[in-house]
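Here are the chains, one letter per residue:
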Amino acid sequence: MRNGTWLSVASAALLTLAVSPAWSQGEPDKKPGDAAPAPTTTATEATPPPVAPPAVPTAAPTAAAATTPPAAAPQPADKPPEGDRPNIHHGPGKAAPKVDRAGDFMDTRLTWTLGDDDVLHATGLAYPLSPNTSIGDRTQYRLFFDNLNSRFSGRENLTHLVMYKKLPGFIPNLETEAALVMRVDMAQLSSNTGNLNTAFYDAGSYLRLFYFTQRANKEKGLKDTGLDLTFFPLDTDRFRLGYLYDLSWGGTAAYINQSMFPRIRGGAPGFKLQYQGQGFSVFGGIKTASITQVTEVLSPGTSEVETIKLAETNYGFLGGGSVDVTDFLRVDVGGGYFQQGTFELPDVFGQRVYTFGGSGRIVVHQNMPVPRSVDFLLYRNDPNNPQIMFAPAKYTEGEFSWAVSAEVDRLEQNLKDFDVPGATKLQPATAGAAQAVVQSGYLRASLTGIYRDLAFVVRNQPGYIPFQTMPNDAKSDPEKFFAASTDYYLAGLRLTPGIGVGMKFPSTFRSESTDMFGSTIGRTVVVREQGNISILPLGKNAVPIVQTRVSLRWDISEMMAAVIWGQYVRDNNATFVQRDPNEGTLTLRTFLKPDFIGFGASVQARF
């Protein structure tokens, strides 16, 4: 799309913001004499802010639009203003329906960061590379226990341009809405790589129909119920299975190694159909993806077989539901089946690759909403159902709230059997998590434990050896980690000191071989994530990784905050290759110094 078009889109969004409710922190417009807002700190889970008044719609332009109109006469409570009714003929005796014109909006984060993640090693001795102290974000600032329920670290420079509309349908009890959601990664734009696909892309555009079977009734404690049909015309990465983001599966974000469709071309559109009842819901949906596959065809006019690559449609099917057994107990289940192209390996050429499995979760909670990743939510600008992504935490003095959740995920992947030529085999992949979050007044604390076996760590590849099962004579260790964090908000100073610590036993692949003298030697490969591995020296095993961070946050305003932190990492699994100082030409793999000390400071605005 040409630059002029994008400038027009951005200009339209900015003009719309000028007449829409304030969305900088999801708060309504302030009036003179209003009390100061409650102090806030950043949290991953979205907390609904106070209901903001809807934007005042603009009536259709008329010849008198250039002059100042007279004050409008008061409207009856049950009669909407003229501007709320579109110019549509509904037949004799039929009143025009009320129109809820929700406005467009932006969701923006700008962060200035200064720091150094590794002051002990020279640049080039560790990967990812750690240059000297500089301004800008680094992947090494994110520790393994940071933001487990989001793909984002919180320091990104992002903006979302959301073109949103919501109107009642012509069918009674039918509600329609749609949103075009575009994400702009400013860091990718400023990198000057020329790859706009990772800098400007769809972030969950959708069309939605909701048919009410019952309207909410606060007096009777009833919520809206009905049939919800959501169409994703571009991509369905927000439609996943699993619950904690780090354990989710069925995504389509290939550029961050989180696509269940390997070798995918483009996005994966689809739809989701859900029935929302009183205290329960059920859903089902379909994704389609174009995957590059190798196919054998006859050459035109000959009997010779030709091998070509072409894009073929593959399908993903998802379903599940949830039930609130009581006001404090929630049970969630889900399952899916995903086609993943065909094998290119000669002995199983053309056979189908696929993954199926299920997820389940139990949540016990009080005065705290059921945890849900903001990366699974749809962008909405509905004043009757307010929401803001990455909303700040809300504190209520004297209130005690908590949530405890346990999740299990089990996959089966059809891969080539490494030990049996011409055969395929189902390889299991298992993961689980337990998490407890407690908030008492201004004090917050959390404790998390996660388990992922090696097959689950590389579930999107799929397989440690791509598209093949683990060899029978190889061994692997699962990834296990435990983390705890706490912070306390000092209301008078608007400061939040915090500390977090975690220990991780990394996932490994281990194999054994015999040297020329008949001695058995072992080799261990540490797999931190898909594509991020460390090969250890011969005979050495992996050891736990320890990480900790202390931080101090200062809330400068409702939209701006500053944070300083110091972090320490001990990872004795990091290696590099150097020449043997005795022999001169032989290369040896050896360990880096295991201690990494870093620091940083950030100033961030969210609006």
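Look a little higher up for the structure.
Note that the coordinates shown come from a computational prediction; the quantities given were computed from them, not determined experimentally.

Analysis parameters
Residues numbered from 1 in each chain as written. Predicted model: local features only at pLDDT ≥ 70, side-chain atom pairs only at ≥ 80, totals over all residues. Heavy atoms only, no water. Helix = DSSP H or I, 4+ residues; strand = E, 2+ residues; numbered from the N terminus. Buried < 20%, exposed > 50% of the residue type's maximum accessible area, 1.4 Å probe, protein only. Contact = heavy atoms within 4.5 Å. Areas by Shrake-Rupley, 256 points an atom, 1.4 Å probe, with all protein chains shown as cover. Pairing = 2+ DSSP bridges. Axes fitted to C-alpha atoms, helices over the stretch in contact; angles between N-to-C directions. Salt bridge = Lys/Arg side-chain N within 4 Å of Asp/Glu carboxyl O. Phe/Tyr/Trp six-rings, centres within 6.5 Å; stacked < 30°, edge-to-face > 60°. Lys NZ or Arg CZ within 6 Å of the ring centre and 35° of its normal. Patch = residues over 30% accessible without salt bridge, like charges linked within 9 Å, V, L, I, M, F, W, Y side chains within 5 Å.

Brief notes about the overall build of the protein
When you go through the protein residue by residue, the secondary structure sums to three helices and 31 strands. When burial is assessed residue by residue, the protein has 43% of its 607 residues classed as buried. For the protein, contacts bridging at least 24 residues in sequence account for 64% of all contacts bridging at least 6. Of the roughly 31,100 Å² that the protein leaves accessible, carbon and sulfur atoms contribute 60%.

Points about the sheet that holds strand 25 (residues 520-529)
Sheets are built from strands paired through backbone hydrogen bonds, the pairs being either parallel or antiparallel. The strand order 21-24-25-26 describes an open sheet built from four strands, whose pairing is antiparallel. The open sheet is flanked by strand 21 (475-477) and strand 26 (532-535), the only strands paired with a single partner. Taking each pair of neighbouring strands and ignoring which way they run, the sheet shows an average axis angle of 25°. With eight bridges connecting them, strand 24 (residues 507-514) and strand 25 associate as antiparallel partners. Across the sheet, residue Ser513 finds its bridge partner in strand 25, namely Ile521.

A closer look at the pattern of salt bridges
Applying the stated rule across the entire model yields 23 salt bridges. The partner of Asp137 in a salt bridge is Arg155, with the nearest N and O atoms 3.0 Å apart. Of the two residues, Asp137 is situated in the loop between strand 3 (134-135) and strand 4 (158-168) and Arg155 in the loop between strand 3 and strand 4; the sequence distance between them amounts to 18 residues. On the basis of relative accessibility, which here comes to 39%, the residue Asp137 falls in the partly exposed class. Here Arg528 and Asp571 are joined by a salt bridge, their closest N and O atoms 2.5 Å apart. Of this pair, Arg528 sits in strand 25 while Asp571 is found in the loop between strand 28 (560-570) and strand 29 (575-579), placing the two residues 43 residues apart along the sequence. By the burial criterion, Arg528 is buried, and Asp571 matches it. Ionic contacts of the salt-bridge type, sharing partners, join the residues Glu177, Arg208, Asp228 and Arg380 into one network.

Description of the packing of aromatic side chains
Scanning all chains against the criterion turns up 19 aromatic pairs. Relative to Phe212, the ring of Phe210 has its centre 4.8 Å away and its plane inclined at 70°; by these criteria the two rings are edge-to-face. Phe212 carries the same exposure label as Phe210, and that label is buried. Look at Phe232 and Phe239: their rings are 6.3 Å apart centre to centre, the planes differ by 20°, and that puts the pair in the stacked class. Like Phe232, the residue Phe239 is buried in the burial classification. Across the ring face of Phe152, the terminal group of Arg109 is positioned such that the distance to the ring centre comes to 5.2 Å.

Section: the pairing of strand 18 (residues 400-416)
Note: strand 16 (residues 352-366) against strand 18, 13 bridges, orientation antiparallel. Bridge assignment links Gly358 to a residue of strand 18, and that residue is Arg410. Pairing analysis gives 17 bridges linking strand 18 to strand 19 (residues 424-440), with the strands arranged antiparallel. From the neighbouring strand, Glu407 faces strand 19, where its bridge partner is Ala433.

Description of a nonpolar patch on the surface
On the surface, a cluster of nonpolar side chains totalling about 660 Å² of accessible area is made up of Ile171, Leu207, Leu209, Tyr211, Leu227, Phe231, Phe271 and Leu273. In terms of residue count, strand 7 (residues 206-214) provides more of the nonpolar patch than any other element does, three residues in total. Examined against the element boundaries, Leu227 turns out to sit in strand 8 (residues 225-232).

Structural notes on the environment of Val526
When you line up the elements, Val526 lands in strand 25. Once the C-alpha coordinates of Val526 and Leu536 are considered, the two residues, 10 residues apart in sequence, prove to be 7.4 Å apart. In this view, Val526 contacts Pro506, Ser507, Thr508, Asn532, Ile533, Ser534, Leu536, Ala542 and Asn573; residues no more than four positions away in its chain are not counted.

Topic: the pairing of strand 4
Every regular strand shows the same layout, with side chains that alternate between the two sheet faces. In terms of burial, strand 4 is largely enclosed, as eight of its 11 residues are buried. Note that strand 2 (residues 105-116) and strand 4 share five bridges and pair antiparallel. What sits directly across from Arg109, in strand 4, is Leu158. Two strands pair when backbone bridges link them, and strand 4 and strand 5 (residues 174-185) are joined in this way by 11 bridges, in the antiparallel orientation. Counted as the bridge partner of Lys165 is Ala178 from strand 5.

Some thoughts on the environment of Phe591
Its place among the elements puts Phe591 in strand 30 (residues 587-591). Distance from Phe591 to Val577, taken between C-alpha atoms, is 8.7 Å for residues 14 residues apart in sequence. Residues in contact with Phe591, not counting those within four places in the same chain, are Leu536, Pro537, Lys540, Asn572, Asn573, Ala574, Thr575 and Phe576.

Re unusual backbone geometry
With glycine set apart, most residues show a phi of negative sign, and most peptide bonds adopt trans. In this structure, the amide linkage connecting Gln461 to the following residue, Pro462, adopts the cis form with an omega of -15°. Secondary-structure assignment places Pro462 in the loop between helix 3 (454-457) and strand 21. At Asn192, a position not held by glycine, the phi torsion is positive, near 60°. As for its placement among the helices and strands, Asn192 is situated in the loop between helix 2 (186-190) and strand 6 (200-202). A positive phi angle, close to 60°, is found at Asn367, a residue other than glycine. Within the element layout of this structure, Asn367 appears in the loop between strand 16 and strand 17 (392-394). Overall, the relative accessible area of 52% leaves Asn367 in the exposed class.

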